[in-house]
Amino acid sequence: MKQRYTDLRQLVSIIAFLALQFSYMQAQTNYALQFNGSNQYVTVPDNPSLHITSSITIEAWVKKFANVQWASVLTKGDNSYTLHFASSGGLIFTGAFIAQSSLIFPLSEWHHVAVTWDGSLIKFYIEGTLDSAMTSFTGQLVTNNQALTIGVDFPGSAEYFP
């Protein structure tokens, strides 16, 4: 039986967990997708449930194999919301702002990451523990009619998840 997801947070969490590695490989006790870092990604067609403006939580299990600037875990089109890595290895959340975690992630290790934004406060959680929190990020996220992508910032760019 096919299940429909109406809660965006549940859908984003499930998609991010399943899609962060693209070819099947064993990851701890389950399976994941592994991207090749150059042209593989997942596209989720636009849907009004993805038009988030006031608060959001994004979480995923990630294992990266290289440090690439703007290596995207999840991106909702141009200038909406994005969770990606910097070339330094830190986790970045963008919306109408840019915020970065304090932890620099080592390569080739699995990590559970989450970022929350309640309309003013951004929190990064690593392995379920608060990594950093930043205030004064007020306003609304921009909505668009573009697809949500997992594993690439913008298809055709050099910003694929390694």
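Cut-offs used in this document
Residues numbered from 1 in each chain as written. Predicted model: local features only at pLDDT ≥ 70, side-chain atom pairs only at ≥ 80, totals over all residues. Heavy atoms only, no water. Helix = DSSP H or I, 4+ residues; strand = E, 2+ residues; numbered from the N terminus. Contact = heavy atoms within 4.5 Å. Pairing = 2+ DSSP bridges. Axes fitted to C-alpha atoms, helices over the stretch in contact; angles between N-to-C directions. 1 Å grid on protein atoms, 1.4 Å probe; cavity = no way out; pocket = protein on both sides within 12 Å on 5 of 7 lines; lining within 4 Å. Points joined across faces, edges and corners; volume = space filled by probe spheres on them. Nonpolar A, V, L, I, M, F, W, Y, C, P; charged D, E, K, R; others polar. pLDDT = per-residue confidence, 0-100. Salt bridge = Lys/Arg side-chain N within 4 Å of Asp/Glu carboxyl O. Phe/Tyr/Trp six-rings, centres within 6.5 Å; stacked < 30°, edge-to-face > 60°. Buried < 20%, exposed > 50% of the residue type's maximum accessible area, 1.4 Å probe, protein only. Lys NZ or Arg CZ within 6 Å of the ring centre and 35° of its normal. Core = buried A, V, L, I, M, F, W, Y, C linked by side-chain atoms within 4.5 Å.

## Some remarks on the side chain of asparagine 144
Part 1 of the reasoning: Turning to its location among the elements, asparagine 144 is positioned in the loop between strand S11 (129-134) and strand S12 (148-150).
Part 2 of the reasoning: Not counting residues up to four positions away in its chain, the partners in contact with asparagine 144 are Asp46, His51, Lys76, Gly77, Asp78 and Ser80.

## Describing the sheet that holds strand S5 (residues 71-76)
Part 1 of the reasoning: Pairing is antiparallel across the open sheet formed by 6 strands, whose spatial order is S3-S12-S5-S6-S7-S8. Strands with a single pairing partner mark the edges of an open sheet, and in this sheet they are strand S3 (42-44) and strand S8 (98-104). Shown here is a sheet whose adjacent strand axes are inclined to one another by a mean of 15 degrees, direction ignored.
Part 2 of the reasoning: Here S5 runs beside S12; their pairing, made up of 3 bridges, is antiparallel. Bridging from a neighbouring strand, lysine 76 pairs with leucine 148 of S12.

## Notes on the layout of surface pockets
Part 1 of the reasoning: A volume near 170 Å³ is recorded for the second largest pocket.
Part 2 of the reasoning: Taken together, the residues of the lining of the second largest pocket sort by class into 3 nonpolar, 7 polar and 2 charged.

## What about the confidence of the model for the protein?
Part 1 of the reasoning: Taken as a whole, the protein shows an average pLDDT of 80; of its residues, 80% reach a score of 70 or greater.
Part 2 of the reasoning: Model confidence for the protein, summarised as mean pLDDT per element, is weakest for helix H1 (residues 8-19) at 47 and strongest for strand S10 (residues 122-126) at 94.
Part 3 of the reasoning: Confidence drops under pLDDT 50 across residues 1-6; counting only partners more than four residues distant or on other chains, this segment forms 3 contacts.

## Brief notes about the pattern of salt bridges
Part 1 of the reasoning: Enumeration over the complete set of coordinates arrives at 1 salt bridge.
Part 2 of the reasoning: Aspartate 46 is the partner of lysine 76 in a salt bridge, and the nearest nitrogen-oxygen pair spans 3.0 Å. On the criterion of sequence distance, the pair formed by lysine 76 in strand S5 and aspartate 46 in the loop between S3 and strand S4 (56-62) is long-range, its members being 30 residues apart.

## A few points about the packing of aromatic side chains
The geometry of an aromatic ring pair comes down to the distance between the two centres and the angle between the two planes.
Part 1 of the reasoning: Taken as a whole, this structure holds 4 aromatic pairs when the rule is applied.
Part 2 of the reasoning: Considering the side-chain rings of phenylalanine 85 and phenylalanine 161, the 6.1 Å spacing of their centres and the 55 degrees angle between planes classify their relative orientation as tilted. Here phenylalanine 161 lies in the segment after S12 and phenylalanine 85 lies in strand S6 (residues 82-85), a separation of 76 residues in the sequence.
Part 3 of the reasoning: For the pair phenylalanine 93 and phenylalanine 97, a centre-to-centre distance of 5.6 Å together with 45 degrees between the ring planes defines the contact as tilted. Accessibility assignment for this pair places phenylalanine 93 and phenylalanine 97 in one class, buried.
Part 4 of the reasoning: Ring pairing ties together the aromatic residues Phe85, Phe105 and Phe161, which thus form one cluster.
Part 5 of the reasoning: Here lysine 64 stacks its cationic end above the ring of phenylalanine 85, 4.9 Å away from the centre of that ring.

## A few points about the nonpolar core
Part 1 of the reasoning: The biggest cluster of nonpolar side chains holds 31 residues, and the ones touching the most others in it are Tyr81, Phe93 and Ile122.
Part 2 of the reasoning: Within the residue set of this core, elements represented by two or more residues are S4, S5, S6, strand S7 (90-94), strand S9 (111-117), S10 and S12.
Part 3 of the reasoning: Once you skip the residues sitting within four places of it in the chain, isoleucine 122 turns out to touch Phe93, Phe97, Ala99, Val115, Thr116, Trp117, Ser132, Ala133, Met134 and Phe137.

## A short note on the sheet that holds S11
Part 1 of the reasoning: Reading across the sheet, the 4 strands line up as S4-S9-S10-S11 and stay open at both edges, with antiparallel pairing between neighbours. Lying at the two open borders of the sheet, with one neighbouring strand each, are S4 and S11. Geometrically, the sheet is characterised by an average inter-axis angle of 15 degrees between neighbouring strands, direction not taken into account.
Part 2 of the reasoning: Examined bridge by bridge, S10 and S11 share 5 bridges and lie antiparallel to one another. The residue of S11 that forms the bridge with phenylalanine 124 is serine 132.

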